[in-house]
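# Per-entry structural report
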Amino acid sequence: METVNLDKRKLKNIIIIYGIIVALVNYIGFLLANSGDMPAAQTEAYSAWLDYMSKHSTMITVLSVLSFVIPILLIIRYRYIIVNKSNERIINLPFTFAAIGSLGWGLSFVTEAICLVYVMIKFKINITEILFVSFINILQTSICIFTLAFLILNFIHRKLVLPRLFPNGNLSKYNIGVNPSVRFIVIVFYLSICIFPVFFVTLSLVNVIRNNHLNVGFNVFILLGIIMLFSVIILWAFCDFFTAPLIKLKQGIQNIKSGDYNHRVDIVSSDDFGDLADAFNEMTGSLDEKNKKIHAIQDSIIKGMAVMVGSRDDNTGGHISRTSDCVKIFVEKLVSTDEGTKYTPEFCKAVIKAAPMHDLGKIHVDDAILRKPGKFTDEEYEIMKTHSSEGARIVESVLSQVDDEKFKTIAINVAHYHHEKWNGMGYPEKISGEDIPLEARIMALADVFDALVSKRHYKDSFTYDKAFQIIEESLGSHFDPELGKVFIECRPELEALYNGYSEQEA
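Structural notes, computed from the coordinates.

The rules behind the values
- Position labels on residues start from 1 in each chain and follow its written sequence.
- For this predicted model, a pLDDT threshold of at least 70 governs which residues receive local features, and a threshold of 80 or more governs which side-chain atom pairs are given and counted, while totals over whole chains, interfaces and linings are taken from all residues.
- Side-chain metrics in this entry use all non-hydrogen atoms of the structure; hydrogen atoms and water are not considered.
- In DSSP terms, a helix is any run of H or I states spanning at least four residues, a strand is any run of E spanning at least two, and both are numbered starting from the N terminus.
- Patches in this entry comprise residues that are over 30% relatively accessible and not in a salt bridge; like charges within 9 Å are linked, as are nonpolar side chains (Val, Leu, Ile, Met, Phe, Trp, Tyr) within 5 Å.
- Surface accessibility follows the Shrake-Rupley procedure with a 1.4 Å probe radius. Residue values consider only the protein chains on display as shielding.
- Here, a salt bridge means any Lys or Arg side-chain nitrogen found within 4 Å of an Asp or Glu carboxyl oxygen.
- Burial classes follow relative accessibility: with a 1.4 Å probe on protein chains only, a residue under 20% of its type's maximum area counts as buried, one over 50% as exposed, and anything between as partly exposed.
- Every axis in this analysis is a line fitted to C-alpha atoms, fitted for helices over the stretch in contact. Angles between the N-to-C directions lie between 0 and 180 degrees.
- Note on terminology: angles under 35 degrees are roughly parallel, angles over 145 are roughly antiparallel, angles of 65 to 115 are roughly perpendicular, and the others are oblique.
- In this scheme the handedness of a crossing depends on how the near helix is turned from the far one: anticlockwise by less than a right angle means left-handed, clockwise means right-handed.
- Whether two residues are in contact is decided by their heavy atoms: any pair within 4.5 Å suffices.
- Amino acid classes used here: Ala, Val, Leu, Ile, Met, Phe, Trp, Tyr, Cys and Pro are nonpolar; Asp, Glu, Lys and Arg are charged; the rest, including Gly, are polar.
- A helix is expected to reach a length of 1.5 Å times the quantity of its residues less one.
- Method remark: on a 1 Å grid restricted to protein atoms, a set of points is classed as a cavity if a 1.4 Å probe fits but cannot get out and as a pocket if it is open with protein on both sides within 12 Å along at least five of seven lines; lining residues have an atom within 4 Å of a point.
- Grid points are joined across faces, edges and corners, and a volume is the space filled by probe spheres set on the points.
- Note that the arc is defined by the directions from the helix axis to the C-beta atoms.
- Aromatic pairing here means that ring centres of Phe, Tyr or Trp (its six-membered ring) are within 6.5 Å. Orientation follows from the plane angle: under 30 degrees is stacked, over 60 is edge-to-face, and everything else is tilted.
- Look at NZ for Lys and CZ for Arg. If either is within 6 Å of the ring centre and within 35 degrees of the ring normal, a charge sits over the ring.
- Asp and Glu are treated as the negative residues and Lys and Arg as the positive ones, with His and the ends of the chain left uncounted.
- All charge positions are set by atom: Lys at NZ, Arg at CZ, Asp at CG, Glu at CD.

### What about the environment of Lys485?
Locating Lys485 in the fold gives a position in helix α17 (residues 481-489). Once the C-alpha coordinates of Lys485 and Ile471 are considered, the two residues, 14 residues apart in sequence, prove to be 9.3 Å apart.

Pasting the structure below:
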């Protein structure tokens, strides 16, 4: 995660202003909470509780005030973290300060509950109803305070603070801790605006009925219950309406970032979300089309370079084409084996696509050596061997702008290591066993097989029997023994492939 260093003086001023706003909002909540009596029935228990509060009003007031000391300390602590340690947390400051500010109401309820327990023990009264009503009152107040504080702070933050601190945007790259989701915000706002006021009014109505000994039919309570249930259903529908399309769009963006340009968002709607999804799908369709064109250009470059190699060495040109077909057959056979699950479709596609690039390094070899009809001298052979490392350099250069890092790595490995041997006696790095990349071990079998069954300036073609005999005898020395066994199983398909080539291709 990236971090950001901001001006400490500006951060301090922002935190002080936000802290004052939270304090003022909490003061408003304090005035509202004490503007009237708690809507509980005028019972003996409630009278005892009122009598206790009147006698110990100073202590209860002190406890209530102390309940808000902890949030203040948390704000001070958070200020220290932002200014001196992790000031990118300023991004999420409205949510954090609103949550810390509403924490005091929870602590206030805890102190009140402790006092109620003491009264229950001393006066032997039932505090259940008082505790329940107090909990509902505190919960509603704290949620309303959180909502109001968050709305004010978030408006200032989004309109004034963030554009100045982060003029280039891109906030998702920073480590901002907890990030409130749209679903969470919608639920909090809806609870504060709709459900809790309805619930509180219902509770007050019930207490009025009880205190005045009014006879109300049971149907009224059923109706109130239906209203509450309907409110919850609306909340669920409201959340789903906003969050479901946003989640799909966010997932779609993640897929595009990972390279899946064919992804489409399935939002069918006539509202703004539907328009946004249509625009998104049109964008991804355009990206997919351009991406395919880019890949087609890359493939053309690869094939063009292979043709360029072939124009200098007829053997190499046909060799590149034949080994590519051979690799395709071999990879398809590997996928059908018991361990085929480890050969992912992406890997198989990359190896087949990279096969034509394995001998690109021969561009670097002098014509006099490349086209020599006879056997190489030791010095000439050493020069010829450089085509592996040189090929890796060329492939890396050609694919430098390719986004697919896995394909790029596989292509480089195929060019670099296809002449390595299982026993470590190959070139250019003399690595052995499974240290040789899997894709290079696959390429080595196809490369040698084609060299054996094809006619060269310095030799006639071997029979299929002789070629497969040589490969079988080289398992565990030249070739990966397990891969080699599967390659030998490809014999029918390989013979059919090579029998189908014209004399010019062979």
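Having seen the structure, we can now continue with the description.
### Examining unusual backbone geometry
Cis rather than trans, the peptide bond between Tyr427 and Pro428 has omega equal to 10°. Take Pro428: it is sitting in the loop between α14 (405-417) and α15 (438-453).

### Description of a nonpolar patch on the surface
On the surface, Val62, Leu66, Val69, Ile72, Leu73 and Ile76 cluster together into a nonpolar patch covering about 520 Å² of accessible area. Counting residues per element, the ones that place at least two in the nonpolar patch are α3 (57-67) and α4 (69-84). Here the nonpolar patch takes 4 residues from α4, the largest share from any one element. Within the fold, Val62 resides in helix α3. Since its relative accessible area comes to 42%, Val62 is described here as partly exposed.

### Thoughts on the packing of α15 against α17
When two helices pack together, their arrangement is captured by the angle between the axes and the distance separating the axes. Between α15 and α17, the shortest axis-to-axis distance is 10 Å and the interhelical angle comes to 45°. By the angle between their axes, α15 is oblique relative to α17. Our pair here, α15 against α17, has a crossing hand that is right-handed. Residue-level contacts link Leu438, Arg441, Ile442, Leu445, Ala446 and Phe449 of α15 to Leu483, Gly484 and Phe487 of α17. A class-by-class count of the residues in the contact of α15 with α17 yields 7 nonpolar, 1 polar and 1 charged.

### Some words on the packing of α14 against α15
Between α14 and α15, whose axes approach to 8 Å, the crossing angle comes to 50°. The pairing of α14 with α15 is recorded here as oblique in orientation. When you trace α14 past α15, the crossing you get is right-handed. Each of Thr409, Ile410, Asn413, Val414 and Tyr417 in α14 lies in contact with α15, whose residues at this interface are Glu439, Ala440 and Met443.

### Remarks on the environment of Ile127
Along the chain, Ile127 falls in the loop between α5 (93-123) and α6 (128-165). What Ile127 contacts, discounting residues up to four positions off in sequence, is Leu116, Val117 and Met120.

### Some thoughts on α14
A rise of 1.5 Å per residue sets the reference length of α14, with its 13 residues, at 18 Å; its end C-alpha atoms lie 18 Å apart and thus fit the reference within 8%. The buried fraction of α14 is high, at 10 of 13 residues. Among the residues of α14, those classed as buried are Phe407, Lys408, Ile410, Ala411, Ile412, Asn413, Val414, Ala415, His416 and Tyr417.

### A closer look at empty space enclosed by the protein
Counted by the stated rule, this structure contains 1 cavity of 30 Å³ or more. Of the pockets and cavities examined, the largest cavity occupies roughly 60 Å³. Forming the walls of the largest cavity are Glu420, Lys421, Trp422, Ile436, Arg441, Ala444, Leu445, His478, Phe479 and Asp480. Taken together, the residues that form the lining of the largest cavity break down as 5 nonpolar, 1 polar and 4 charged.

### A closer look at helix α18 (residues 491-499)
Turning to α18, its buried residues number three or more, namely Leu494, Leu497 and Tyr498. The buried residues of α18 occupy an angular sector of 90° when the element is viewed end-on, so they sit on one face. Facing away from the buried surface of α18 by more than 90 degrees, the exposed residues are Pro492, Ala496 and Asn499.

### Examining the packing of aromatic side chains
The way to describe two aromatic rings as a pair is by their centre distance and the angle between their planes. Using the criterion set out here, one finds 9 aromatic pairs in the structure. Ring plane angle 85° and centroid distance 5.9 Å describe the contact between Phe95 and Phe146, whose orientation is recorded as edge-to-face. Placement of Phe95 in helix α5 and of Phe146 in helix α6 is noted, with a sequence separation of 51 residues between them. Relative accessible area serves as the criterion here: at 15%, Phe95 is assigned to the buried category. With a centroid separation of 5.6 Å and an interplanar angle of 70°, the aromatic rings of Phe449 and Phe487 are classed as edge-to-face. Taken as a pair, Phe449 in helix α15 and Phe487 in helix α17 lie far apart in primary sequence, 38 residues in all. Like Phe449, the residue Phe487 is buried in the burial classification. Through pairs of rings, three or more aromatic residues link up here, namely Phe330, Phe449, Phe468, Phe487 and Tyr498. The ring of Phe407 is capped by Lys353, whose NZ or CZ atom sits 4.7 Å from the centre of that ring.

### A word on a negative patch on the surface
A surface patch of negative charge is lined by Asp272, Asp275, Asp278 and Glu282. Within the secondary structure layout, Asp275 lies in helix α9 (residues 272-312).

### Describing the pattern of salt bridges
Tallied over the full model, the rule gives 15 salt bridges. Close ionic contact of Glu339 with Lys342 constitutes a salt bridge, the shortest N to O distance being 3.3 Å. Salt-bridge contacts for Asp465 lead to Arg491; the nearest nitrogen and oxygen are separated by 2.3 Å. You can see Asp465 sitting in helix α16 (residues 464-473) and its partner Arg491 sitting in helix α18, a full 26 residues away along the chain. For Asp465, a relative accessible area of 51% puts it in the exposed group. The exposure class assigned to Arg491 is partly exposed, which follows from its relative accessible area of 24%. Several salt bridges share partner residues, and in doing so they unite Asp465, Arg491 and Glu495 into one network.

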